[in-house]
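Close look at the chain arrangement
So you can see what is in the structure, the chains are spelled out below.
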Amino acid sequence: MSDEKLEGSVPLTDAIIQEIVEKGLAKQEALVEAKAFGARYHPVRNSLIFPFDPGDDAGDEDDVEEDGLDA
C-alpha cells in the first residue's frame, strides 16, 4: 500500500469492528475477513483500505479501496 493511501488509516482492530457492527454499517463476518486480508480502517472516510494483491488484476485501482461500509 502506498503511504498516501495509508495516511489517516488505523489497524482494523476487534474494537473497531465491533463499533462498525453496532452502527449497522457492515456485517461482522465481512469485517473479520477484511481484517484477515490486512485491511485498515480510515475513520475520516469511513472506509476500508486493502493491500494491493499483484496477482489480482495488477494495476486495477478499483480493487485497492472500498468506499463506505455498506454491507
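Before any of the text, the structure's been laid out above.
It should be emphasised that the depicted structure is a prediction, and the values quoted were computed from it without experimental measurement. (Residues numbered from 1 in each chain as written. Predicted model: local features only at pLDDT ≥ 70, side-chain atom pairs only at ≥ 80, totals over all residues. Heavy atoms only, no water.)

Let us look at the overall build of the protein. A count of helices and strands for the protein gives three helices and four strands. Secondary structure elements of the protein occur, N-terminal to C-terminal, as α-β-α-α-β-β-β. Counting every position in the protein, which comprises 71 residues, the buried fraction comes to 25%. Long-range contacts, defined as pairs at least 24 residues apart, comprise 41% of the intrachain contacts of the protein with a sequence gap of at least 6. As displayed, the protein offers around 4,900 Å² of accessible surface, 48% of which is attributable to carbon and sulfur atoms. (Helix = DSSP H or I, 4+ residues; strand = E, 2+ residues; numbered from the N terminus. Buried < 20%, exposed > 50% of the residue type's maximum accessible area, 1.4 Å probe, protein only. Contact = heavy atoms within 4.5 Å. Areas by Shrake-Rupley, 256 points an atom, 1.4 Å probe, with all protein chains shown as cover.)

Moving on: unusual backbone geometry. Of note, the phi angle at N46 is positive, near 50°, even though the residue is not glycine. With respect to the secondary-structure elements, N46 resides in the loop between β2 (40–42) and β3 (47–49). Judged by its relative accessible area of 24%, N46 is partly exposed.

Let us look at the environment of F37. Examined against the element boundaries, F37 turns out to sit in the loop between α3 (28–36) and β2. For F37, a relative accessible area of 55% puts it in the exposed group. F37 sits 13 residues away from F50 along the chain, and the two C-alpha atoms are 7.3 Å apart.

Read these as spatial facts, not as claims about activity.
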